Amino acid sequence: MHDVPYEVLETPDREAATSRFTIRPGRMLYEMIALFGVWWYYILGGVVLLGIVASFFDLRLLIMVLMVVFIIIPMLMAMFYLNYGLREECFLNTVPHTLRHTDDGLEVTLIFSHPSEEEEGESIEKIRRMSFSYNEIASLSVVGSDTVAIMRKPLRGFVMIPRSAFAVDDEYYTFTRKLREKVVVGADSEK
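Here the structure is a predicted model, which is why all the values come from computation and not from measurement.

**Q** Which residues make up the packing of aromatic side chains, and what values do they have?
**A** Summed over all chains, the structure comprises seven aromatic pairs. Members of the aromatic cluster, each reached through a chain of ring pairs, are Phe36, Trp39, Trp40, Phe80 and Tyr84.

**Q** How would you explain helix H2 (residues 25-36) if you had to name every residue and give the values?
**A** Across its twelve residues, H2 extends 16 Å between first and last C-alpha, which sits within 8% of the 16 Å expected from 1.5 Å per residue. Inspection of H2 places Arg27, Met28, Glu31, Met32, Ile33 and Phe36 among the buried residues, and these make up the whole buried set. On the buried face of H2, the contacting elements are helix H3 (38-54), helix H4 (59-85), helix H5 (88-91), strand E4 (137-143), strand E5 (146-151) and strand E6 (158-162).

**Q** Summarise unusual backbone geometry; cite the residues concerned and give the values.
**A** Of note, the amide linkage connecting lysine 153 to proline 154 takes the cis form, showing an omega dihedral of 5°. Of note, proline 154 is situated in the loop between E5 and E6.

**Q** Can you lay out the pattern of salt bridges for me, pointing to particular residues and giving the numbers?
**A** By the definition in use, this model includes eight salt bridges. Across the pair arginine 20 and glutamate 125 runs a salt bridge whose closest N-O atoms are separated by 3.0 Å. A residue pair is termed long-range when its members are at least 10 positions apart, and arginine 20 in the loop between helix H1 (6-9) and H2 and glutamate 125 in strand E3 (residues 123-133) qualify at 105 residues. Note on arginine 20: relative accessible area 45%, which makes it partly exposed. Relative accessible area serves as the criterion here: at 42%, glutamate 125 is assigned to the partly exposed category. Between aspartate 58 and arginine 60 there is a salt bridge; the shortest N-O distance is 2.8 Å. With relative accessibility at 26%, the residue aspartate 58 sits in the partly exposed group.

**Q** Lay out a nonpolar patch on the surface in plain terms, naming residues and giving numbers.
**A** There is a patch of nonpolar side chains on the surface, built from Leu59, Leu62, Ile63, Leu66, Met67, Phe70, Ile71, Ile72 and Met75 and spanning about 890 Å² of accessible area. Here isoleucine 72 is to be found in helix H4. Given a relative accessible area of 37%, isoleucine 72 falls into the partly exposed group.

**Q** Give me the lowdown on a negative patch on the surface, citing residues and values where you can.
**A** On the surface, a cluster of negative charge is contributed by Glu117, Glu118, Glu119 and Glu122. Residue position: glutamate 119 is located in the loop between strand E2 (105-115) and E3.

**Q** With reference to specific residues and values, describe the pairing of E2.
**A** Sheet analysis places strand E1 (residues 97-101) next to E2, joined by five bridges and oriented antiparallel. Looking at E2, one finds that histidine 101 is bridged to leucine 106. Between E1 and E2, which follow one another and run antiparallel, lie three residues. Bridge count for E2 against E3 is eleven bridges, and the pairing is antiparallel.

**Q** Residues and numbers for the sheet that holds E2, please.
**A** Hydrogen bonding along the main chain pairs the strands of a sheet, whether they run parallel or antiparallel. Read from one edge of the open sheet, three strands run E1-E2-E3, paired in antiparallel fashion. Unpaired on one side and paired on the other, E1 and E3 mark the two borders of the sheet. Between one strand axis and the next, the sheet turns by 20° as a mean value, whatever way the strands run.

**Q** Talk me through the confidence of the model for the protein; I want residue IDs and the actual numbers.
**A** When pLDDT is averaged along the protein, the result is 82; 87% of the residues meet or exceed 70. Per-element confidence in the protein ranges from a low mean pLDDT of 42 for H1 to a high of 92 for E6. Low pLDDT, under 50, characterises residues 1-14; the stretch is placed with 27 contacts to residues that sit more than four places away or in other chains.

**Q** Describe the sheet that holds E4, with residues and values.
**A** Spatially, the three strands line up as an open sheet ordered E4-E5-E6, and their pairing is antiparallel. In the strand order of this sheet, the two ends are held by E4 and E6, each with one partner. The average angle at which neighbouring strand axes cross in this sheet is 20°, direction not considered. Pairing analysis gives five bridges linking E5 to E6, with the strands arranged antiparallel. The residue bridging aspartate 146 from the neighbouring strand is proline 162, located in E6.

Cut-offs applied
- Each residue is numbered by its place in its chain's sequence as written, counting from 1.
- At least 70 in pLDDT is required for a residue's local features to be given in this predicted model, at least 80 for side-chain atom pairs to be given and counted, and no such filter applies to totals for whole chains, interfaces and linings, which use all residues.
- The side-chain values count all of the structure's non-hydrogen atoms but skip hydrogen atoms and water molecules.
- Between rings of Phe, Tyr and Trp, where Trp is taken as its six-membered ring, a pair exists when centres lie within 6.5 Å; planes separated by under 30 degrees are stacked, by over 60 edge-to-face, and by other angles tilted.
- Secondary structure elements are defined from DSSP: runs of H or I of at least 4 residues count as helices, runs of E of at least 2 residues count as strands, and each element is numbered from the N terminus.
- The span you would expect from a helix comes to 1.5 Å times its residue count less one.
- Exposed residues in this analysis have more than 50% of their type's maximum accessible area, buried residues have under 20%, and partly exposed residues fall in between, with area computed by a 1.4 Å probe over protein chains only.
- Contact definition: two residues touch when any of their heavy atoms are within 4.5 Å.
- Salt bridges are identified by distance alone: a Lys or Arg side-chain nitrogen within 4 Å of an Asp or Glu carboxyl oxygen.
- For patch building, the residue pool is restricted to those with more than 30% relative accessible area and no salt bridge; the joining distance is 9 Å between like charges and 5 Å between nonpolar side chains (Val, Leu, Ile, Met, Phe, Trp, Tyr).
- Computed with a 1.4 Å probe, the accessible areas rest on the Shrake-Rupley method; for each residue, only the protein chains presented here act as cover.
- Think of it this way: Lys and Arg go in the positive column, Asp and Glu in the negative one, and His and the chain ends go nowhere.
- The atoms used to mark charge sites are NZ of Lys, CZ of Arg, CG of Asp and CD of Glu.
- In this scheme, strands are said to pair when DSSP sees at least two bridges between them.
- Here an angle of 0 to 180 degrees is reported between the N-to-C directions of two axes, which are lines fitted to C-alpha atoms, with helices fitted over the stretch in contact.
- Values of pLDDT, the confidence the predictor places in each residue, fall between 0 and 100.

Right, here's the structure in full:
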C-alpha cells in the first residue's frame, strides 16, 4: 500500500485525470508474466533443470535441453504474447493514452497519431475511448510506485496507473483512492 499523506486524505475530491502516457514494453511484459505466466516458467525451469542434470549422464540430453531453450521457449513466448499481449485489455498500455474516472467506470482514451499525407511535419491524431466498468476490475495491486488494475475473467488484462502520469502526487493519491473506493463498491454490489 502507498503511504498517503494525511493532508491528501483531508482534501476535497477534485477531478483527477492522467496526462498522456505509455508503459514501456519491458514493464508490460513483466506484468503479463507476473499475472498470467508464472506457472509456465516453473514448468519450463523444471524441465531445463532436469535436462541439465540428466546431461551429465548422456550428452544427447544436453542437446535436447538446448532445443527446448532456443526453439520451444521462444515459440511459447510468441503464443503468450498473441494470447494476452494483443488483447484489448492489455495492448492499451503500450499505446499513448489517458485515464479518467466516469460515473460508469474507468475511461481509457487511446491516442493514435500518424504523419499526415497532406502536410509535411503534421500528424493526425485519432482517438478511441474504451470504458471499463468498476465491476470489471477484479483487484488493484501496488507494484513499486505504480498501481495495476487487474480485470476480471473473461477479460484477461490489466491497466497500469503509474504515478509519473500525474502532475503532482496528490492527484495520483486522489485518483487511486477514488478507484479503490469504486472497485470495492462494485465488488460489493455483485454479491
